[in-house]
Amino acid sequence: MSPAAKVSEFHREGNDWFCKTGLSSDITVVVDDVKFHLHKFPLVSKCGKLARMYEDSEKSLRTTVLGEFPGGADMFLIAARFCYGARVDLTSKYIVSIHCAAEYLKMTNEYGEDNLISQVETFLHKNVLRSWKDCILALQSSTPVLKTAERLQTIPKLMNAVSTMVCTDPSLFGWPMMMYGTLQSPGGSILWNGINTGARMRSSGSDWWYEDVSYLSVGLFTRLIKTMETKGIRAESLAGAMMYYARKYLPGLGRWQSGTRSGGGGGNSSKSRRSVVSFSLASASSMSPLDQIALLETILSLLPEKRGRSFCKFLLGLLRVAFILGVDGNCVKSLERRIGMQLELATLENLLILNYSDSETLYNVDCVERMVRHFVSSSSPRLPDFSPPSLDPEMSPSSSAPLRKVAKLVDSYMAEVASDVNLKPDKMRSLAVALPESSRPLYDGLYRAFDIYFKEHPWLSDRDKEQLCNIMDYQRLSIDACAHASHNDRLPLRVVLQVLFFEQMHLRNALASGLQDTAHAQTRATGEHIVQRDGWVTVVRQNQVLKVNMQRMRSRVGELEEEFQSIKEEMMMKKKRVSKSSSSLNSPRLVKMGCKFLLPRASDAKNDTAQSSVSSTPRSAAADHALPRSSRHSKHRKSFSFFG
């Protein structure tokens, strides 16, 4: 109930209000179907609108209907009480609506000294605009009369006041301005009415105002952010406020963005905030999907074109919510483009976006591929950072570092989604080739992703496997990766042979460089022995270690050469057996005469006996060849573990 309803001179009976003055009412004012039975003289003496209405009317009006009255019946009741000389307590919660109602009724000083408009404006400038809490409350309550308040310039005044306070150090205002903060004063102990409270102020971060402005409506919040931009407030502070606002009202975004505080990745906020306002925006659970879509599009239009770790994480969260809500395609494209321009700052956890459409795959691989292509196409120029670049190598301005980081991220993403049984080989291929070849100094990550994919998709043909493996550059596989691939039964034989070939090249190059290092080491050791005779024991030991390492490398190269030779012999024997079996089928063993078959000759029987005795040995050899490669050549090579 409005404070005006508590005055004893006015009482309500059903849907009618009456004023107890001892005189019968001679005028009835209707506001929103509520009837006020009042007297003509006090209203005409204070309200210019009602005075002109009665002057223009040829006959006295008994009933007056005030349509679209600002603030409704409650605000007219306050104005009527003022006309009767009753005390009106102005508060920041009702000041905007009362101001609009007084302007509607034309309650200027022309119709009475120190009229309602004058008192409202005095209270607004001396009390409301100087207090953070009162400005926020006034803005919150202005939603029903927003158009009228805009025309009266009340909203711009409140916006400018709030923006100025945000730009100013909170400690300059004495007692804390925050509506949700703890009762602690800036600068340590304070005097409250001459009494030392002993309260201490914690260091306040730049996000102290996020919670308060989050209670504004979407329209007012948008206006406030734009006003703050004109005041020169830092972009990371504004982005932090928008991120806080979005996490509060978009479904699920707060869970995905827990711990994120500001756009630039910095800023300290109080751990506990308490709400003291009973009226606010609806929570995310009570907002309609259309309102949530409108909020997401509004936040996206306000966000600055900058880059930051937590900002990229927030954009990925918005993209996930956009897929859930089914927003317009242009909004999704804008999010994918902005994420792609700073994809090197993303993490694997936030990149795993589920597929909320009717697609068969579990994760939205197409979305990630589009972001990767945006990154490649917009690698230069880079977006500006929220804060100056730090010494962190991941934030280095080097052009190659972001590309390699994205390649590593994509390889990890492919390894994560490879276990999806519905993921087609074409999807894996398109995602792997989305990055240029120069982005991967080593192809170990891509090999690991393909190995997992082959393991989870055993029904793939060798042709599909070879098409995927051909994306890799075998020369850029590490020695450990080559050792693992040479023992991998899931790879096609042709791929294994290529890996073995390049592994031999790696070892030969390493052996050659080792020989050169040994020669240099021996020369250096000789010089050290001549110059410093006391350290000859250390030099000899180092030389022995180098010799042992060289011997190991030679033995490894020998093992690989023997293994490669055995595989070649095996393939040749298989080829000979195939040609031999085809020739034996073509030779006539039986002679058909009419409808009967003649028995073979005795010489043929002898030959068959000899052939059967000889075929026993190849059969055992064929059984031996049927064994896995790892067991056939266990004598000639050493097993290596690459991925554990």
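Described below are features of the structure shown in this document. Keep in mind it's a predicted model, so treat the numbers as computed, not measured. (Residues numbered from 1 in each chain as written. Predicted model: local features only at pLDDT ≥ 70, side-chain atom pairs only at ≥ 80, totals over all residues. Heavy atoms only, no water.)

1. As for helix 2 (residues 48-56)
At step 1: Three or more residues of helix 2 are buried, namely Gly-48, Leu-50, Ala-51 and Tyr-54. Buried positions in helix 2, seen along its axis, are confined to an arc of 165 degrees and lie on one side of it.
At step 2: Turning to helix 2, the residues buried within the fold contact strand 3 (27-31), helix 1 (40-46) and strand 5 (63-65). (Buried < 20%, exposed > 50% of the residue type's maximum accessible area, 1.4 Å probe, protein only. Helix = DSSP H or I, 4+ residues; strand = E, 2+ residues; numbered from the N terminus. Arc of directions from axis to C-beta. Contact = heavy atoms within 4.5 Å.)

2. Some words on a nonpolar patch on the surface
At step 1: Taken together, the side chains of Ile-324, Leu-354, Tyr-356 and Leu-362 present a nonpolar region at the surface, about 350 Å² in accessible area.
At step 2: Judged by relative accessible area, Tyr-356 falls into the partly exposed class, the value being 38%. (Patch = residues over 30% accessible without salt bridge, like charges linked within 9 Å, V, L, I, M, F, W, Y side chains within 5 Å. Areas by Shrake-Rupley, 256 points an atom, 1.4 Å probe, with all protein chains shown as cover. Salt bridge = Lys/Arg side-chain N within 4 Å of Asp/Glu carboxyl O.)

3. Some points on the sheet that holds strand 2 (residues 16-19)
At step 1: The mixed open sheet is built from 5 strands, whose spatial order is 1-2-4-3-5. One side of each edge strand has no neighbouring strand; the edge strands of this open sheet are strand 1 (10-13) and strand 5. The average angle at which neighbouring strand axes cross in this sheet is 25 degrees, direction not considered.
At step 2: Looking at chain direction, strand 2 and strand 4 (residues 34-38) are connected through 3 bridges and run parallel. Residue pairing for strand 4: Trp-17 is matched across the bridge by Phe-36.
At step 3: Against the sheet, helix 3 (residues 72-83) makes contact with strand 1, strand 2, strand 3 and strand 4, and its axis sits at roughly 10 degrees relative to strand 4, the strand it touches most. (Pairing = 2+ DSSP bridges. Axes fitted to C-alpha atoms, helices over the stretch in contact; angles between N-to-C directions.)

4. Quick look at the nonpolar core
At step 1: Membership of the largest hydrophobic core comes to 155 residues, with the highest contact counts inside it found for Phe-36, Phe-76, Met-107, Trp-209, Ile-299, Leu-318 and Phe-450.
At step 2: If near-sequence neighbours (up to four positions away) are discounted, Phe-450 is found in contact with Met-414, Met-428, Ala-432, Leu-468, Ile-471 and Met-472. (Core = buried A, V, L, I, M, F, W, Y, C linked by side-chain atoms within 4.5 Å.)

5. Quick look at the state of the cysteines
At step 1: Applying the stated criterion across every chain, the model contains 0 disulfides.
At step 2: Here Cys-47 is not cross-linked by a disulfide; its sulfur's nearest cysteine counterpart is in Cys-83, at 3.6 Å. (Disulfide = S-S within 2.5 Å.)

6. Examining the side chain of Thr-154
At step 1: The topology assignment puts Thr-154 in helix 8 (residues 154-167).
At step 2: A relative accessible area of 3% places Thr-154 in the buried class.
At step 3: What Thr-154 contacts, discounting residues up to four positions off in sequence, is Val-96, His-99, Leu-124 and Ala-149.

7. Focus: the packing of helix 19 (residues 425-432) against helix 20 (residues 444-456)
At step 1: Where helix 19 meets helix 20, the closest approach of the two axes is 12 Å, and the angle between their N-to-C directions is 175 degrees. When the axis of helix 19 is compared with that of helix 20, the two are roughly antiparallel. When helix 19 is examined against helix 20, the residues Pro-425, Met-428 and Ala-432 are found in contact with a partner set consisting of Leu-446, Ala-449, Phe-450 and Tyr-453.
At step 2: Split into classes, the residues belonging to the contact of helix 19 with helix 20 amount to 7 nonpolar, no polar and no charged. (Parallel < 35°, antiparallel > 145°, perpendicular 65-115°, else oblique. Nonpolar A, V, L, I, M, F, W, Y, C, P; charged D, E, K, R; others polar.)

8. Description of helix 14 (residues 309-325)
At step 1: The end-to-end C-alpha separation of helix 14 is 25 Å, in line with the 24 Å expected for 17 residues at 1.5 Å each.
At step 2: Residue Gly-326 follows helix 14 closely and has a positive phi angle near 70 degrees. (Expected span 1.5 Å × (residues − 1).)

9. Considering the pairing of strand 1
At step 1: Note: strand 1 against strand 2, 4 bridges, orientation antiparallel. By the bridge assignment, Phe-10 is partnered in strand 2 with Cys-19.
At step 2: Between strand 1 and strand 2, which pair antiparallel in sequence order, lie 2 residues; one of them, Gly-14, sits at a positive phi of approximately 70 degrees.

10. Let's talk about the pattern of salt bridges
At step 1: Under the criterion given, the structure shown has 14 salt bridges.
At step 2: In this structure, Glu-305 engages Arg-337 in a salt bridge whose closest nitrogen and oxygen atoms are separated by 3.3 Å. Here Arg-337 lies in helix 15 (residues 329-340) and Glu-305 lies in the loop between helix 13 (289-302) and helix 14, a separation of 32 residues in the sequence.
At step 3: Given the relative accessible area of 31%, Arg-337 is considered partly exposed.
At step 4: Of the charged contacts in the structure, one is a salt bridge between Asp-366 and Lys-427, with a shortest N-O distance of 2.7 Å. Of this pair, Asp-366 sits in helix 17 (residues 365-377) while Lys-427 sits in helix 19; the two residues are 61 residues apart in sequence, bridging distant segments of the chain.

11. With respect to the packing of helix 13 against helix 15
At step 1: Close contact between helix 13 and helix 15 brings their axes to 11 Å; oriented N to C, the two are set at 40 degrees. Judged by the angle between their axes, helix 13 and helix 15 are oblique. Classified by chirality, the crossing of helix 15 by helix 13 is left-handed. Here helix 13 contributes Leu-296, Glu-297 and Leu-300 to the contact with helix 15, which in turn contributes Cys-331, Ser-334, Leu-335 and Arg-338.
At step 2: For the contact of helix 13 with helix 15, the class distribution of residues is 4 nonpolar, 1 polar and 2 charged. (Left-handed = near helix turned anticlockwise from the far one by under 90°.)

12. Some thoughts on the packing of aromatic side chains
At step 1: This model, assessed by the stated rule, comprises 11 aromatic pairs.
At step 2: Aromatic pair Phe-69 and Phe-76: ring centres 5.5 Å apart, planes at 85 degrees, arrangement edge-to-face.
At step 3: Assessed through its relative accessible area of 5%, Phe-69 is described here as buried.
At step 4: For Phe-76, a relative accessible area of 1% gives the class buried. (Phe/Tyr/Trp six-rings, centres within 6.5 Å; stacked < 30°, edge-to-face > 60°.)

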